[in-house]
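# Structural overview
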Amino acid sequence: MKKILIIFFLVLINIISFSQDDNRLNDPPPKEFQFIGYSFTRMTSSNITPTNDILQGQVIGRLFGQNSTNTVPQTSVYLEQRFVPFMVYKPSILDGFATFRALFKIDYTWGDQAYGVGNNRGGAINAGQVNMQTLLANVEIKPDERDWNVVVGLQRLFDNVRDPNVNTLQTAQTSGYKLSFWGTQAVGVNIFADLSPVTKGRAGYFQLWENEISKNDDVSLWMLDVESRVTPLLEIGGSLWYVWDKGKGSGGISVLGQGLNSALAEYNGATRIKLPGNIQKYEANLFWLGSRFSFNRDFLAGRWWLDGFVMSNLGMIDTVGSSNGKVSDVVALTANASISYKYGMTANDKISFEALYTTGDKNGISDGTLNSVITGNVYGSPVGIYSAHRALLLFPDPQVVNRYYSAVHDISNMGLGVTAAFLNLSKDFIPNKFSGKVGFASAISNVKPDGGDSYMGTEVNVEFKYNLKVFLTLGVSAGYLVLGDFYNSPNVTYDRTRPKDPWTFFTTLSWLMF
């Protein structure tokens, strides 16, 4: 009897195994062409609006800054929509050796404009507006059984060692340098490699501005990042980035220009230097040298998640057309740390605290040393998009379409530096279905502006998310910012008067389509 049972089980195992192999043979081959879409709709009511009629529609930059945004006694109500198609083509004839990725974006405000060509306009009757933006168009080369891949072309420029083509945006927001310095798209070459089973590396080159092709008058960025998992839960990394700025202030967005002394830097709330005398041109060598750590990232194996980084700015700024040559050194520092505790079953059942510090400088380059932090926001808009804090008004909120502004829009805080603290408590009322969050954020300027104090304000915000279906989410958010005496200074507002406290309330409908 025993022999019969053994034979029976052997035959049964063979049948099951053969059946699985047979099913695998019937699996469809991987698709050569893949489409992923993202739709985002937002309805906003707020007391914030641009006060300059020319600066309507798409508005980016510092709240109360040169974009003319201000609080008004009326309520602004508008609807915006975004559609982002993402296409991946991996031809089977190349056996996965090469992959092409393209990403586009269509943003518009309901009732805004029709029958035209422009940036982020559209949504009025008859439609017909051409406003599609190209965000990605790159080729990835990955040889078989190799531990590296190279990406060439228009791609994501992130301050993170991980390949953004295969990692989520949320990972970039909560690891690396949290997109505080670089979080946009640019043309270049990136090489990602698994240097060992526990160590990753990235070497990148990006062309930020191409002037005359026969001259050394461009702006280029080189990036080198390494990160290793030194224990099963502890990651430690280091980075060295370098900007070769020979652009002499040329290029950039519209009339705002780009570079350290550009109006774009001031528009974004970033560090803007004032060159001495009538000199308008400069050249610079700028370095970022940083280190970071993360323990139990994404609550991988425990209830505590710790993360932090330190980044230093070093460099030298020279004038062009002046006998003085060197005008300033650059020495600045950024520090960030966060701690989260998961008290419940899901990742949304957590309480988290985060702090940010950046050095400031009241005198700029006049004393020969610039102590203000420099981010990519002096070269584009937006580039540095620090958003791990989850605030809505005091710091930038990424849940936007055409209107992207906040009180501290760049971590340099106009070169004055900032110390900020964020506290968030979230809970899944229905696990992975219905969640809520209450948050607090407060900031002080590390250098007082003339006529003002250091206290910038405190924000309270609430948010609820309900998953209608998989990746189809309905959200409701609200925030109120109590402004501090920092805004008594006429130098920090566009109309040189103290603004009223801003508030916002908005609903969102987001759908990630596979």
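Scroll up for the structure.
For the structure given in this document, a descriptive report is provided here. Please read all numbers here as calculations on a predicted model, not as lab measurements.

The next point concerns the overall build of the chain. Helix and strand content of the chain: 3 helices and 21 strands. Judged by the C-alpha coordinates and their principal axes, the chain covers about 100 × 55 × 50 Å. Within the chain, the proportion of its 514 residues that are buried is 50%. Long-range pairs, those at least 24 residues apart, make up 63% of the contacts in the chain between residues at least 6 apart in sequence. Taken as a whole, the chain presents about 24,200 Å² of accessible surface, with 62% of it coming from carbon and sulfur. When the 43 positive and 44 negative side-chain charges of the chain are each reduced to one mean point, those points stand 5 Å apart.

Let us look at the layout of surface pockets. Of the pockets and cavities examined, the second largest pocket occupies roughly 710 Å³. In terms of lining residues, the second largest pocket is bounded by 28 residues, among which R272, K274, K362, M414 and L416 are the most central.

Here the focus is the packing of aromatic side chains. Following the criterion strictly, the structure yields 22 aromatic pairs and no others. When the ring of F299 is compared with that of W305, the centres are 5.4 Å apart and the planes differ by 85 degrees; the resulting orientation is edge-to-face. Here F299 falls in the buried class, since its relative accessible area comes to 8%. With a relative accessible area of 10%, W305 lands in the buried category. Linked through ring pairs, Y177, F181, W182, W241, W288 and F309 together constitute an aromatic cluster. Above the plane of the ring of F506 lies R42, whose end atom (NZ or CZ) is 3.6 Å from the centre.

A few words now on the nonpolar core. Formed by 65 residues in total, the largest nonpolar core has its most connected members in F181, W182, I317 and F395. At the level of elements, β9 (219-229), β10 (234-245), β11 (282-295), β12 (304-319), β13 (326-342), β17 (418-430), β18 (434-445) and β20 (472-483) are the ones that each hand at least two residues to this core. With residues near it in sequence (within four places) discarded, I317 still touches L260, I273, Y282, E283, A284, K326, V327, S328, V330, I365 and L370. Core analysis: the second largest hydrophobic core is formed by 7 residues, A172, L179, I385 and V400 among them.

So, on to empty space enclosed by the protein. Following the criterion strictly, the structure yields 4 cavities of 30 Å³ or more and no others. Approximately 150 Å³ is the volume found for the largest cavity. Along the walls of the largest cavity sit 15 residues, with R42, L392, R403, Y405 and T504 positioned nearest its centre. Those elements that provide at least two residues to the lining of the largest cavity are β1 (33-50), β3 (69-89), β16 (403-406) and β21 (503-513). Looking at the lining of the largest cavity element by element, the count peaks at 4 residues for β1.

Further remarks concern the pairing of β12. Bridging between β11 and β12 involves 14 bridges; their strand directions are antiparallel. Residue N285 lies in a different strand from β12, and its bridge partner there is M316. Pairing geometry for β12 and β13, over 15 bridges, is antiparallel. Directly across from D318, in β13, lies its bridge partner K326.

As a further point, take the environment of T109. Residue placement: T109 occurs in strand β4 (residues 98-109). On a C-alpha basis, the gap between T109 and R403 in space is 9.8 Å, while along the polypeptide they are 294 residues apart. Ignoring any residue separated from it by four or fewer positions in sequence, one finds T109 in contact with Y78, L79, E80, G122, G123, N402 and R403. A polar side-chain atom of T109 sits 3.0 Å from a polar atom in the side chain of N402.

What follows concerns the pattern of salt bridges. Counted under the stated rule, the structure contains 25 salt bridges. For R101, the salt bridge goes to E140, with nearest N and O atoms at 2.5 Å. Of this pair, R101 sits in strand β4 while E140 sits in strand β5 (residues 132-141); the two residues are 39 residues apart in sequence, bridging distant segments of the chain. We classify R101 as buried; its relative accessible area is 8%. Take E140: its relative accessible area is 7%, and that puts it in the buried class. A single salt-bridge network, built from bridges that share partners, covers R162, K178, E227, R229, E235, R292, R297, D298, D307 and E354.

About the cut-offs
Along each chain, numbering runs from 1 in the same order as the chain's sequence is written. In keeping with the predicted nature of the model, local features appear solely for residues at pLDDT of at least 70, side-chain atom pairs appear and are counted solely at 80 or more, and the whole-chain, interface and lining totals rest on all residues. Processing note: side-chain calculations cover all non-hydrogen atoms of the structure and skip hydrogens and water entirely. Think of it this way: any DSSP run of H or I at least four residues long counts as a helix, any run of E at least two long counts as a strand, and we number them from the N terminus. Here's how the labels work: a residue is buried when its accessible area is under 20% of the maximum for its type, exposed when over 50%, partly exposed in between, all with a 1.4 Å probe on protein chains only. When checking whether two residues touch, look at their non-hydrogen atoms; a contact exists if any pair is within 4.5 Å. Residue-level accessible areas treat just the shown protein chains as cover; the underlying method is Shrake-Rupley with a 1.4 Å probe. By the counting rule applied here, Lys and Arg register as positive and Asp and Glu as negative, while His and the ends of each chain are not counted. One atom stands in for each charge, and that atom is NZ of Lys, CZ of Arg, CG of Asp or CD of Glu. A cavity here means a set of points on a 1 Å grid, drawn over the protein atoms and nothing else, where a 1.4 Å probe fits but cannot get out; a pocket is an open set with protein on both sides within 12 Å along at least five of seven lines, and a residue lines either one if it has an atom within 4 Å of a point. Grid points are joined across faces, edges and corners, and a volume is the space filled by probe spheres set on the points. In this analysis, rings of Phe, Tyr and Trp, with Trp reduced to its six-membered ring, are considered paired at centre separations within 6.5 Å, and the interplanar angle assigns stacked below 30 degrees, edge-to-face beyond 60, and tilted for intermediate values. In this scheme, the term charge over a ring applies when either NZ of a lysine or CZ of an arginine sits within 6 Å of the ring centre and within 35 degrees of the ring normal. Buried residues of nine kinds, namely Ala, Val, Leu, Ile, Met, Phe, Trp, Tyr and Cys, make up a nonpolar core once their side-chain atoms join them within 4.5 Å. At least two DSSP bridges between two strands are needed for those strands to be called paired. Whenever two N or O atoms come within 3.5 Å, that pair is a polar contact, provided that in protein one can donate a hydrogen and the other can accept it, and provided that, for residues adjacent in sequence, both atoms are side-chain atoms. By salt bridge we mean one thing: a side-chain nitrogen of Lys or Arg within 4 Å of a carboxyl oxygen of Asp or Glu.

Read these as spatial facts, not as claims about activity.
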